[in-house]
Amino acid sequence: MGLSPPVLTHGPHGAAGAAPGSLGAMTTPSDRAAPLPPSRIGFGTAMWKEVVHLLSNLPVSLVAFVYVTVAVVVGAALSVTVVGLPLLACGLAGTRLLGRVERARARALLGMRAEEPSRLPLRGGPAARVWALLRDPVAWRAALFGFVRLPWGVLTFTVTLVALVALWPALPYLVRAMATLDRVMVRGLLGPSDELERRVAELESDRGVVVDTAAADLRRIERDLHDGAQARLVALAMGLGLAKEKATEDPQAAARMVEEAHGEVKLALRELRDLARGIHPAVLTDRGLDAALSSVASRCTVPVTVTVDLPERPAPATEGTAYFTVSELLQNVSKHAGARRATVDVWRTEEYLLIQVTDDGRGGADPTAGSGLAGLAERLGAVDGLFVIDSPPGGPTTVTAELPWRSRAAVRR
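Note that the structure is predicted; figures quoted are calculated from it, not measured. (Residues numbered from 1 in each chain as written. Predicted model: local features only at pLDDT ≥ 70, side-chain atom pairs only at ≥ 80, totals over all residues. Heavy atoms only, no water.)

Backbone hydrogen bonds are what pair the strands of a sheet, in a parallel or an antiparallel way. Within the open sheet, the five strands sit side by side as 1-2-3-5-4. Their pairing is mixed. Bordering the open sheet on either side are strand 1 (304-309) and strand 4 (386-390), each of which pairs with just one other strand. With strand direction ignored, the average angle separating the axes of adjacent strands in the sheet is 10 degrees. Bridge count for strand 3 (residues 352-359) against strand 5 (residues 397-404) is eight bridges, and the pairing is antiparallel. Across the sheet, residue I355 finds its bridge partner in strand 5, namely A401. Strands in contact with helix 9 (residues 289-298) are strand 1 and strand 2 (342-348); relative to strand 1, the strand with the most contacts, it is inclined by about 170 degrees. Contacting strand 4 and strand 5, helix 11 (residues 373-382) runs over the sheet at an angle of about 150 degrees to strand 4. (Pairing = 2+ DSSP bridges. Helix = DSSP H or I, 4+ residues; strand = E, 2+ residues; numbered from the N terminus. Axes fitted to C-alpha atoms, helices over the stretch in contact; angles between N-to-C directions. Contact = heavy atoms within 4.5 Å.)

Encoded structure:
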């Protein structure tokens, strides 16, 4: 479970690492800035790439126009029928692909920074997925792009072809002007959604995760109560009833039954305490993360060193999330790591609470293998947290979690 030290914002003792507030953002080819178009106008490689782009506008825009007309317009026309809305949703999903092709063409031939919009989160059943596609602003803007591009494609193809044949001296200027307008259209209609739009989509996705998590926790509590303490209390009531009946005729048997009932009471109380600890442990409320995490570490099957360096207590919600994150990670260490020792470090940067759990076990932790790590990552993502795993085969394993910092004093205000 882990992250190499250079990737961290700050080490447990304040060592500087990556940019503040990040968990080591990785650079991908799409993130790297594409070269800007040359400032000089002339017969160079950049101009000929622009010529190819302008000439290819016609066939590409013709295909896009036909697709949008058939898929989107027909789907919208049939929206009053059962198949209309699903057909329209599928058509809009296809317009996202058309937008991706156009952005790739713009990056390759126009040398522009055409970033990819965020992926559309599709959760729930078929109806929820159809509704998400129908409300996708990126797909609708791509559909609009497909409509307006056909006349523009005819114009750019015609003007570029005429300039190549008869307007040779004016060719670089005409090409640059039309290519600049192309860049504006691509950036305006096919660029990423604005930050508010992106944030709304993320929050809607996170809300579903929070609701699912809460429902799963309630089911777990109900199951634990039904199978554990409730069953013991029922058996206890029956045992005390029998002891009452035997109290006069067989006092010794009644005494043994009361003794057994006393043992059942102790077990029921222990199970209720464990259940309450799983909901929200009293030690966390009373004494904070340091004492609560030390308590969790004492129940781990391997020795655990806990270091908590916090100038003040975080907000209760942040504190609870941090506690249950470490609890689940240490359970994974006990069950799956095969480790001899582990460490837990908790510290604060300016805006974040960071948690790092490291063990010297066998490594190879895989979030897709049903170890609970994927669910933990979803829970942290639902509260704007980050979750990074570094677990090469052979170990060691390090998991780093980052939570937005909220102070307890600010919540009280």
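And the narrative resumes.
Between helix 2 (residues 84-109) and helix 3 (residues 126-134), the least distance of the axes is 9 Å, while the angle of their chain directions is 55 degrees. When the axis of helix 2 is compared with that of helix 3, the two are oblique. Here helix 2 runs over helix 3; the crossing is left-handed. Judged by residue contacts, L85, P86, L88, A89, L92 and A93 of helix 2 engage V130, L133 and L134 from helix 3. (Parallel < 35°, antiparallel > 145°, perpendicular 65-115°, else oblique. Left-handed = near helix turned anticlockwise from the far one by under 90°.)

This part covers the packing of helix 1 (residues 45-77) against helix 4 (residues 137-166). Between two packed helices, both the angle of their axes relative to each other and the distance between the axes serve to describe the pair. Helix 4 packs onto helix 1 with a crossing angle of 145 degrees between their chain directions and a minimal axis gap of 6 Å. Seen from above, helix 1 lies across helix 4 with left-handed handedness. Taken together, the residues of the contact of helix 1 with helix 4 sort by class into 20 nonpolar, eight polar and one charged. (Nonpolar A, V, L, I, M, F, W, Y, C, P; charged D, E, K, R; others polar.)

Take the side chain of R103 next. Summarising the element assignment, R103 is placed in helix 2. Setting aside chain neighbours within four positions, we find R103 in contact with R96, A114, E115, E116, P117 and L190.

Opposite charge on two side chains lets them pair, provided their charged atoms get close. Scanning the entire structure with this criterion turns up nine salt bridges. One salt bridge connects R183 with E50, and the closest N-O pair in it is separated by 2.7 Å. Of this pair, R183 sits in helix 5 (residues 171-190) while E50 sits in helix 1, and the two are 133 residues apart along the sequence. The exposure classification of R183 matches that of E50, with both residues buried. Note that D360 and R341 form a salt bridge whose closest N and O atoms lie 3.4 Å from each other. You can see D360 sitting in the loop between strand 3 and helix 11 and its partner R341 sitting in the loop between helix 10 (316-337) and strand 2, a full 19 residues away along the chain. Three or more residues are tied together by salt bridges with common partners; here these are E50, R176 and R183. (Salt bridge = Lys/Arg side-chain N within 4 Å of Asp/Glu carboxyl O. Buried < 20%, exposed > 50% of the residue type's maximum accessible area, 1.4 Å probe, protein only.)

What follows deals with the environment of A93. Take A93: it is sitting in helix 2. Residue A93 is classed as partly exposed on the basis of its relative accessible area, which comes to 32%. A C-alpha to C-alpha distance of 9.6 Å links A93 and L120, two positions 27 residues apart in sequence.

The subject of this paragraph is the nonpolar core. By size, the foremost hydrophobic cluster in this structure holds 32 residues, and its most contacted members are L293, V304, L330, V344, V346, I355 and F387. Elements that contribute at least two residues to this core include exactly helix 9, strand 1, helix 10, strand 2, strand 3, helix 11 and strand 5. A per-element tally of this core places helix 10 first, with seven residues. If we ignore the near neighbours within four places in the chain, the residues touching L330 are V296, A297, C300, V304, V344 and V357. Counting ten residues, the second largest nonpolar core, distinct from the first, contains L110, F145, L189 and L190. (Core = buried A, V, L, I, M, F, W, Y, C linked by side-chain atoms within 4.5 Å.)

Here we take up the confidence of the model for the chain. Per-residue confidence for the chain gives a mean pLDDT of 76, with 74% of residues at or over 70. Mean pLDDT values over the elements of the chain span from 60, in helix 12 (residues 408-412), up to 91, in strand 2. Residue range residues 1-36 is modelled with pLDDT below 50. Its contacts to residues more than four positions away, or to other chains, number 80 contacts. (pLDDT = per-residue confidence, 0-100.)

It is worth spelling out the pairing of strand 1 at this point. The pairing of strand 1 with strand 2 spans six bridges and is parallel. Following the sheet pairing, D309 is matched in strand 2 by W347. Crossover connection from strand 1 via helix 10 to parallel strand 2: handedness left-handed. (Right-handed = clockwise from strand over helix to strand, strands pointing away.)

With that out of the way, let us pick up helix 11. By the burial criterion, the buried members of helix 11 are L373, L376, L380 and A382. Where helix 11 ends, the next residue or the one after it, D384, has phi of about 65 degrees, a positive value.

This part takes up a nonpolar patch on the surface. On the surface, L62, V66, V70, V74, L78, V82, V83 and L87 cluster together to form a nonpolar patch covering roughly 680 Å² of accessible area. Along the chain, V82 falls in the loop between helix 1 and helix 2. (Patch = residues over 30% accessible without salt bridge, like charges linked within 9 Å, V, L, I, M, F, W, Y side chains within 5 Å. Areas by Shrake-Rupley, 256 points an atom, 1.4 Å probe, with all protein chains shown as cover.)

So, about the pairing of strand 5. Each regular strand carries side chains that alternate between the two faces of the sheet. Of all eight residues that make up strand 5, seven are buried, and the element is covered over most of its length. Both strand 4 and strand 5 contribute to a ladder of five bridges, which runs antiparallel. Its bridge partner being in strand 5, D390 is matched across the sheet by T398. Between strand 4 and strand 5, which pair antiparallel one after the other, the connecting turn spans six residues, and G394 there sits at a positive phi close to 95 degrees.

Here we take up the packing of aromatic side chains. All told, the structure shown has five aromatic pairs when counted by the stated rule. When the ring of W48 is compared with that of W168, the centres are 6.1 Å apart and the planes differ by 45 degrees; the resulting orientation is tilted. On the criterion of sequence distance, the pair formed by W48 in helix 1 and W168 in the loop between helix 4 and helix 5 is long-range, its members being 120 residues apart. W48 sits in the partly exposed class, given a relative accessible area of 35%. On the accessibility criterion, W168 (42% relative accessible area) is partly exposed. Consider the rings of F65 and F147, whose centres lie 5.8 Å apart with planes at 85 degrees: the pair is edge-to-face. Here the residue F65 occupies a position in helix 1, and F147 occupies one in helix 4, the gap between them amounting to 82 residues. Residue F65 is classed as partly exposed on the basis of its relative accessible area, which comes to 27%. Members of the aromatic cluster, connected to one another through ring pairs, are F43, W48 and W168. (Phe/Tyr/Trp six-rings, centres within 6.5 Å; stacked < 30°, edge-to-face > 60°.)

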